[in-house]
Amino acid sequence: MTKMYGHRQNRVQALNDLSFKIDEGEFVGIMGPSGAGKSTLLNIMATIDQPTSGKVVVGGQDVTAMSDAELANFRREELGFIFQDFNLLDNLTVKENIALPLTLTPKLPADFDQRIVQVSEILGLNELLNRYPSELSIGQRQRVASARAMITKPKLIFADEPTGSLDSAAATELLRYLTEINLQEDITIMMVTHDAFTASYCNRIVFIKDGAYFAEVTKHGSRQQFFNSIIDMEATISGGHTHVR
Ligand SMILES: Nc1ncnc2c1ncn2[C@@H]1O[C@H](COP(=O)(O)OP(=O)(O)OP(=O)(O)O)[C@@H](O)[C@H]1O
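Residues numbered from 1 in each chain as written. Predicted model: local features only at pLDDT ≥ 70, side-chain atom pairs only at ≥ 80, totals over all residues.

In the annotation of an unreviewed UniProt entry, the entry for the protein chain reads ABC transporter domain-containing protein, and the organism field reads Lacticaseibacillus saniviri JCM 17471 = DSM 24301. The record in UniProt for the protein chain states the following under Sequence similarities (unreviewed entry): "Belongs to the ABC transporter superfamily." (UniProt positions renumbered as here; feature names shortened; annotations may be inferred.)

Caption draft 1: Local environment of the overall build of the protein chain. When helices and strands are counted, the protein chain shows 8 helices and 10 strands. Here the C-alpha radius of gyration of the protein chain, 18 Å, is about what a compact globule of 245 residues would show, namely 18 Å. Across its three principal axes, the protein chain shows a C-alpha extent of roughly 50 × 45 × 30 Å. Taken across its 245 residues, the protein chain has 35% of its residues classed as buried. Taking all contacts inside the protein chain whose residues are at least 6 apart in sequence as the whole, residues at least 24 apart take part in 68%. (Helix = DSSP H or I, 4+ residues; strand = E, 2+ residues; numbered from the N terminus. Rg over C-alpha atoms; globule rule 2.2 N^0.38 Å. Buried ≥ 20, exposed ≤ 12 C-beta atoms within 10 Å, placed from the backbone. Contact = placed C-beta atoms within 7 Å.)

Caption draft 2: Up close: the site of the ligand. The environment of the ligand is formed by Tyr-5, Gly-6, Val-12, Ala-14, Gly-32, Ser-34, Gly-35, Ala-36, Gly-37, Lys-38, Ser-39 and Thr-40. For the shell around the ligand, the residue count by class is 4 nonpolar, 7 polar and 1 charged. (Near = placed C-beta within 6 Å. Nonpolar A, V, L, I, M, F, W, Y, C, P; charged D, E, K, R; others polar.)

Caption draft 3: Expanded view of the environment of Gly-37. Secondary-structure assignment places Gly-37 in the loop between strand 3 (27-31) and helix 1 (38-45). In this structure, the C-alpha to C-alpha distance between Gly-37 and Asn-16, residues 21 residues apart in sequence, is 9.2 Å.

Caption draft 4: Quick peek at the sheet that holds strand 8 (residues 188-192). Taking strand neighbours across the sheet as the criterion, the 6 strands line up as 6-7-8-3-9-10 in an open arrangement whose pairing is mixed. In this open sheet, the two edge strands, each paired with only one partner strand, are strand 6 (79-82) and strand 10 (212-218). The mean inter-strand angle of the sheet, taken between neighbouring strand axes irrespective of direction, is 20°. The sheet contact formed by strand 3 and strand 8 spans 4 bridges and is parallel. Residue pairing for strand 8: Val-28 is matched across the bridge by Met-190. Strands in contact with helix 1 are strand 3, strand 7 (156-160), strand 8 and strand 9 (204-209); relative to strand 8, the strand with the most contacts, it is inclined by about 150°. (Pairing = 2+ DSSP bridges. Axes fitted to C-alpha atoms, helices over the stretch in contact; angles between N-to-C directions.)

Caption draft 5: Geometry of helix 3 (residues 94-103). Restricting attention to buried positions, one finds in helix 3 the residues Val-94, Asn-97, Ile-98 and Ala-99. On its buried side, helix 3 packs onto helix 4 (112-122) and helix 5 (138-150).

Caption draft 6: Fine view of the environment of Thr-172. Summarising the element assignment, Thr-172 is placed in helix 6 (residues 168-184). Considered as a pair, Thr-172 and Ser-34 are 138 residues apart in the sequence and their alpha carbons are 24 Å apart.

Caption draft 7: Representation of the environment of Glu-96 within the structure. Secondary-structure assignment places Glu-96 in helix 3. As for Glu-96 and Ala-149, which are separated by 53 residues in sequence, their C-alpha atoms are 13 Å apart.

Caption draft 8: Region of interest: unusual backbone geometry. With phi around 40°, Arg-8 is a residue other than glycine that occupies positive phi space. Residue classification places Arg-8 among the exposed positions, given that 5 C-beta atoms sit within 10 Å. Residues other than glycine seldom take positive phi values, yet Asp-17 does so here, at roughly 55°. Summarising the element assignment, Asp-17 is placed in the loop between strand 2 (12-15) and strand 3. Given 12 C-beta atoms within a 10 Å radius, Asp-17 is considered exposed.

Below is the structure:
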């Protein structure tokens, strides 16, 4: 796909003939230097933005050809979002925040209570269901946002720098939970990150540069080996300068 921003002299080609595939059940990371087009790609894949040319196919459905009404349904039923600023509603309890995507559907699912229990267990939120977001740590809030993203049993979860505002202990914890969501619930995850440690929890990293596919690294051995391969690729992509973050 291709994505252009702006007009005439101000034209920016954010994505340049970028094409790749994600298999069902994968936990894929997207990395690349600043300005490479990661957010643009995520927004297009997440159906928040449209490509200038090309298409996005999810589970056999061409999302770029859907009407607004079809898209709204598709987003609600098939996709989950975990963005950095959480977007939790302060006046709702943790439980109400988690349940929000379900209460937006015409009819509550029959297994509503069971789903709340299940996702709270996976994300370690059982004891916190009656609290308000302001009474939680940042890491706990991010877990509530993750629980909300998976409550509808989406096919695909998009995560944008999910560990960006977490300290390393909270980041590690969230990444363990995301891995669990991926494995136990069989939900495909696509995550944009700058951070090699965060990326090392994925099973494949697609590197993009200047809006185009650059390379990919797949996890074979241990997470530490994968981490090292990611660092090496970061050095290659930036022309020999490693940025240790
Ligand atoms: N709304 C916009 N209008 C014009 N140009 C844009 C717009 N959004 C992004 N761009 C440009 O498109 C290119 C890709 O931006 P994008 O935000 O996707 O990169 P990124 O890889 O997410 O960067 P970062 O890691 O810094 O967040 C950049 O050159 C950016 O300046």
